[in-house]
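# Results of the structural survey
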Amino acid sequence: MYLDEKIETMSRNELNTLQFDRLKKALNAASQTRYYNKFFSDKKIDVSKIKTLEHIKDLPFTTKHDLRLSYPDGMVAVPASDIVRIHASSGTTGKSTVIYYTQKDIDHWANQIARAMYATGTRKEDVFQNMMGYGLFTGGLGLHYGAEKLGCTVIPSATGNSLRQIQLLQDFNTTVIHITPSYALHLVEVIKENGINPHDLSLKKAYFGAEPYSQATTEKLENLWGIDAYNSYGLSEMNGPGVAMDCIHKKGMHVVEDSYIVEIINPNTGEQLPDGEEGELVITHINREAMPIIRYRTRDLTRIIPEPCECGRTHRRIERIKGRSDDMIIVGGVNVFPSQIESVLMNIPEIGNNYVIIIDRENGLDRMHIQVELYSKLFQGDIKALKRLNKDIVEKLRAIIVINPRVEFMEPGSLPASEGKAKRVIDNRII
Ligand code: DLL
């Protein structure tokens, strides 16, 4: 049931002791780096004053901006010769952020992923097709090493080239895939277009991650593919995937608490919030030699689920990510999260697998326009029925997001398909 029972089921007290011990080591290592050395002294932080785990809240946050300022190696805590790998975040604006790993860091990362995959029932007999980008992005190599550690047969198929993906799925009887939810929505359509019933494949489960998606999308994907879907969360700054993953019960993602200290804060004030309350996730990496990162503001919004999980693992869970605090769109003064829109759309059976939200400013007023693909058979339906459906969707959206969007129906396959992280929001306003 557990790959590492001792670690996965240790008592809260033992876990706290382990975390504190590792936090001290991470702080000492961080203090030796060029960036944190100056950062802590500018902020008059004396790390020796951190005497309990709770004192973590007295430490300053590290942000993406700090990572950029420390580019390329200001936060590296080991000699350059000990580095065996780097990854980098996609970084759409400014410099990308670079993450360094020693061999021990890579081994820890692989172990934590192997543990998480095992917790969902994946075993050495499984054939694992990894449809995530390989290269500087962490999604590919991250799960790759974890799955090899478990002894699975790994197919490093990477993203795109859907016909070849399908051939691999069929010829090697793939049982487990790792894929972004947006690419999974697209690929399942290509499978059907090629006359294959996805339910006839050998697939049993999928790990979905790397981008926000709703519970409604999970259910839709489970039905379309005929599989069990497991949520997988991570970010490059904290190694990549494997920070938190669903277990077999799929009721929240267990954080690997022997490697990460998680906190939830009020994103506006920075104040720590109690377990159970929703806010921004802050993570400290306490198990990485090459690059300790202290109180990293992820911008991801979630909450800690304090209740114990049926699986017996003591590491606390986080809820599905609701969105990013910087993803929130303000339309005509109203705060809207793309995830709210997605939840509504994916619960409507007539809606297909792709959509895009476009924001414009017309005569000084903000307008939201949502293009949604419909299933093709509906395009043969009568105009009146389509109008009714459109009105119905607008009403359902208005009930949730308070504003009145314009909804435009599109033919299936007409919107740009995603092979990695989808771009769902196009904001044309010049602010
Ligand atoms: O996306 C690492 C990853 C790869 C995670 C594969 C899971 C699977 P970054 O490119 O640095 O790293 O992007 C990290 O993606 O802060 C979240 O906003 C978002 N994200 C990742 N996983 C999830 C998820 C990888 N399961 C950023 N649900 C994070 C919601 C997610 N958002």
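Note that the structure is a prediction, hence the values are computed from the model and not measured.

### What about unusual backbone geometry?
Omega for the bond connecting tyrosine 71 with proline 72 falls within 30 degrees of zero, at -5°, which places this linkage in the cis form. Its place among the elements puts proline 72 in the loop between helix 4 (64–69) and strand 1 (83–88). Backbone geometry at lysine 44 places phi at a positive 55°, although glycine is not the residue there. Take lysine 44: it is sitting in the loop between helix 3 (34–42) and helix 4. You can call lysine 44 exposed: its relative accessible area is 73%.

### As for helix 7 (residues 162–171)
Taken as a whole, helix 7 has its buried residues at Ser162, Gln165, Ile166, Leu168 and Leu169. For helix 7, the angular spread of buried residues about the axis comes to 160°, placing them on one side. Buried-residue contacts for helix 7 involve strand 3 (127–130), strand 4 (153–155), strand 5 (176–179), helix 8 (181–193) and helix 9 (215–225).

### Considerations on the domain arrangement of the protein chain
One can read the domain layout of the protein chain as domain 1 (5–325) and domain 2 (334–427). Its C-alpha centre places domain 1 at a distance of 30 Å from the equivalent point of domain 2. Taken together, the 23 residues of domain 1 in the interface contact 17 residues of domain 2. Across the domain 1 to domain 2 interface the summed buried area is about 1,600 Å²; carbon plus sulfur atoms make up 53%. The three residues of domain 1 that bury the most area against domain 2 are Leu185, Lys220 and Lys322, which together make up 28% of that side's buried surface. At the surface where domain 1 touches domain 2, the tally comes to zero salt bridges. Our count for the contact surface shared by domain 1 and domain 2 stands at 12 residue pairs in polar contact (both at pLDDT 80 or more). Among the secondary structure elements, those contributing two or more residues to the side of domain 1 that touches domain 2 are helix 8 and helix 9. The element best represented in the side of domain 1 that touches domain 2 is helix 8, accounting for six residues.

### As for the site of the ligand
By nearness alone, 20 residues border the ligand, and Asn231, Ser232, Ser236, Asp300 and Lys421 come closest of all. One of the backbone nitrogen or oxygen atoms of proline 212 is found 3.4 Å away from a nitrogen atom of the ligand. Taking serine 232, its main chain carries an N or O atom lying 2.7 Å from a nitrogen atom of the ligand. Contact with the protein chains hides 94% of the accessible area of the ligand, taken as 610 Å² for the molecule alone. Looking at the shell around the ligand, the elements that each hand over two or more residues are helix 6 (138–150) and strand 7 (228–235). Per element, the largest residue contribution to the shell around the ligand is five residues, and it comes from strand 7.

### Quick word on the nonpolar core
Counting residues in hydrophobic clusters, the biggest one holds 63 residues, and the most contacted among them are Met117, Phe128, Tyr233, Ile283 and Ile318. Element by element, the count of residues in this core is highest for helix 5 (residues 103–118), at seven residues. Discounting chain neighbours no more than four positions away, the residues touching methionine 117 are Thr122, Phe128, Leu143, Gly146, Ala147, Leu150, Tyr207 and Met245. Ile329, Tyr355, Ile370 and Ile403 belong to the second largest nonpolar core, which has 27 residues in total.

Calculation rules
- Residues numbered from 1 in each chain as written.
- Predicted model: local features only at pLDDT ≥ 70, side-chain atom pairs only at ≥ 80, totals over all residues.
- Heavy atoms only, no water.
- Helix = DSSP H or I, 4+ residues; strand = E, 2+ residues; numbered from the N terminus.
- Buried < 20%, exposed > 50% of the residue type's maximum accessible area, 1.4 Å probe, protein only.
- Arc of directions from axis to C-beta.
- Contact = heavy atoms within 4.5 Å.
- Domains from an automatic or database assignment.
- Buried area = accessible area lost by both parts, 1.4 Å probe.
- Salt bridge = Lys/Arg side-chain N within 4 Å of Asp/Glu carboxyl O.
- Polar contact = N/O pair within 3.5 Å; in protein donor to acceptor, adjacent residues only side chain to side chain.
- Near = heavy atom within 4 Å.
- Areas by Shrake-Rupley, 256 points an atom, 1.4 Å probe, with all protein chains shown as cover.
- Core = buried A, V, L, I, M, F, W, Y, C linked by side-chain atoms within 4.5 Å.

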